[in-house]
Amino acid sequence: MSVRAGIIGTGFMARVHAQAIASGGHHLVGVAGSSRERAEAFAATRPATVPSASIEELIGLRPDIVHVTTPNALHREQAEAMIDARIGVIVEKPLATSVEDAEALARRQADVPVAAVPFIYRYYGLVREIRERILRTPENRLWMLHGSYLQDWLAGVDQTNWRVDPTAGGASRAFGDIGVHWCDLMEFVTGHRITTVTATVGNAFEREGGPAQNLTEDGAVLTFTTDHGAIGSLVVSQASAGRDNRLYFSFDGPEESYEFDQQLPERAWIGRRDESRLITRNPAKALASPVGLEPVPAGHPQGYQQCFNDFVADAYVALAGTPSGTLPTFADGLRAAHVTSAVLESARTGARVAVPEPTATWVPEPAVAGSRA
């Protein structure tokens, strides 16, 4: 089935989404930008894509699904416009800039066939493999969950972006932008849920442009506990020189531990008391079933764009009525909003803060994982 897709936004993430749409053989029917000129420039190299000056014009093209890739503060309004039109929607993370807005969207996710958030690190083959191995070894109680997500794209005093401005990006930048990726991945892989956080946030320097340029954090350090008695830690930074995009985790148990670095996505480390070994991605020998497009063969490195392609393919299969069960949805976006809110409150007060679990029936129950002993 060829899906008719639309995109709101014309920046970097819009290009990533457009590539994923094309990779699946689908049709990008239209794009809406902050101006018609920007939409025209974006559409110029994409055959049969109609530039739109407004969301209403884009809706008029009757796409099956629309990808929202605009600044975070616009997400709720634009996603609700798609839901009102009964058009499936993918919203870049964070889903919204407040728990209230994320909750409002999550309450409506059942009103459209697909309401997804691209937590795309779930789609690395070795991430799936580690998840499957954890599911199959419930006796190995994971008790220490730790890692980091480090970038350097805002490491210069003269480097800025709309995400730095809380009116556009929200009250949290580094954690809200990339820390939520790590937390979603940890919960997806292990089956644990974060219950409390203790956090500190900071900035690398006084960014040029005055105090308004330093209202959101360059980095965060937090410790947490989970619903299965594990302890954990996470370091997040967008101003660590030389760290292009390093998401790393180690999930440790007394029998086996698991390590993954997304900048080296073709191998993972499994540690045991009697031996430690590297495993390589090989769909032909994997325990985990692939999700998305045809899996990249062993020896042909899988990268970020492929994971994004697989996420979009998964969402489009759900659009046809057969969801995979592991597609990240608005409920996962709401979960990220709750964790972000707890991190900011802890950083403000210096206290340990509980992360609430949504109790309403419209929020799906977490998948049961083997580490939940």
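Each chain carries its own residue numbering, running from 1 in the direction its sequence is written. Confidence filtering applies because this is a predicted model: local features only for residues at pLDDT of at least 70, side-chain atom pairs given and counted only at 80 or more, and all residues used for totals across whole chains, interfaces and linings. Each side-chain value is derived from all of the structure's non-hydrogen atoms; neither hydrogens nor water enter the calculation.

What about the nonpolar core?
Nonpolar core, defined: a set of buried Ala, Val, Leu, Ile, Met, Phe, Trp, Tyr and Cys residues in which side-chain atoms within 4.5 Å join the residues together. Type-normalised accessible area, obtained with a 1.4 Å probe on protein chains alone, sets the label of each residue: buried when under 20%, exposed when over 50%, and partly exposed for intermediate values. Residues Val-89, Phe-175, Trp-182, Phe-249, Phe-311, Tyr-316 and Phe-330 are the most contacted members of the largest nonpolar core, which totals 98 residues. Whether two residues are in contact is decided by their heavy atoms, any of which lying within 4.5 Å being enough. When neighbours within four sequence positions are excluded, Phe-311 is seen to be in contact with Ile-90, Ala-116, Val-117, Pro-118, Ile-120, Tyr-123, Leu-327 and Pro-328.

A look at the packing of aromatic side chains
Here a pair means two rings of Phe, Tyr or Trp (six-membered ring of Trp) with centres within 6.5 Å. Their orientation is stacked below 30 degrees between planes, edge-to-face above 60, and tilted elsewhere. In total, this model carries 11 aromatic pairs according to the counting rule given. Pairing Tyr-121 with Tyr-149 gives two aromatic rings, centres 5.8 Å apart and planes at 85°, and the pair type is edge-to-face. In this pair, Tyr-121 sits in the loop between β6 (115–116) and α6 (125–135) while Tyr-149 sits in strand β7 (residues 144–150), placing the two residues 28 residues apart along the sequence. One Lys or Arg, Arg-131, reaches over the ring of Phe-188 and ends 4.1 Å from the middle of that ring. Labels follow the DSSP assignment, with helices taken as runs of H or I lasting at least four residues and strands as runs of E lasting at least two, numbered in each case from the N terminus. Each ring is checked for a lysine NZ or an arginine CZ that lies within 6 Å of its centre and within 35 degrees of its normal; such an atom marks a charge sitting over the ring.

Quick look at α6
Of all 11 residues in α6, eight are buried, a share of seventy percent or more. Listed as buried for α6 are Leu-126, Val-127, Arg-128, Glu-129, Ile-130, Arg-131, Arg-133 and Ile-134. Residues of α6 that are buried make contact with α8 (174–190), β11 (246–252), β12 (256–261), β13 (267–272) and β14 (276–280).

A short note on the sheet that holds strand β3 (residues 50–52)
The strand order across the open sheet formed by six strands is β3-β2-β1-β4-β5-β6, and the pairing between neighbours is parallel. In the strand order of this sheet, the two ends are held by β3 and β6, each with one partner. In this description, strands pair whenever DSSP reports at least two bridges between them. When strand β1 (residues 4–8) meets strand β4 (residues 65–68), the two strands line up parallel, connected through four bridges. Bridge assignment links Gly-6 to a residue of β4, and that residue is Val-66. Note on geometry: axes are lines fitted to C-alpha atoms, helical ones only across the stretch in contact, with angles between N-to-C directions running from 0 to 180 degrees. Set on the sheet, helix α2 (residues 36–43) makes contact with β2 (27–32) and β3; between it and β3 the angle comes to about 160°. Running at roughly 165° to strand β5 (residues 88–91), helix α4 (residues 75–84) makes contact with β1, β4 and β5 of the sheet.

Some thoughts on helix α9 (residues 304–319)
Taking 1.5 Å of rise per residue, the 16 residues of α9 would be expected to cover 22 Å, and the 23 Å separating its terminal C-alpha atoms lies within 8% of that figure. The element α9 is extensively covered by neighbouring structure, given that 13 of its 16 residues are classed as buried. A positive phi of about 105° marks Gly-321, the residue just after α9. Here the expected span of a helix is defined as 1.5 Å times the quantity of residues minus one.

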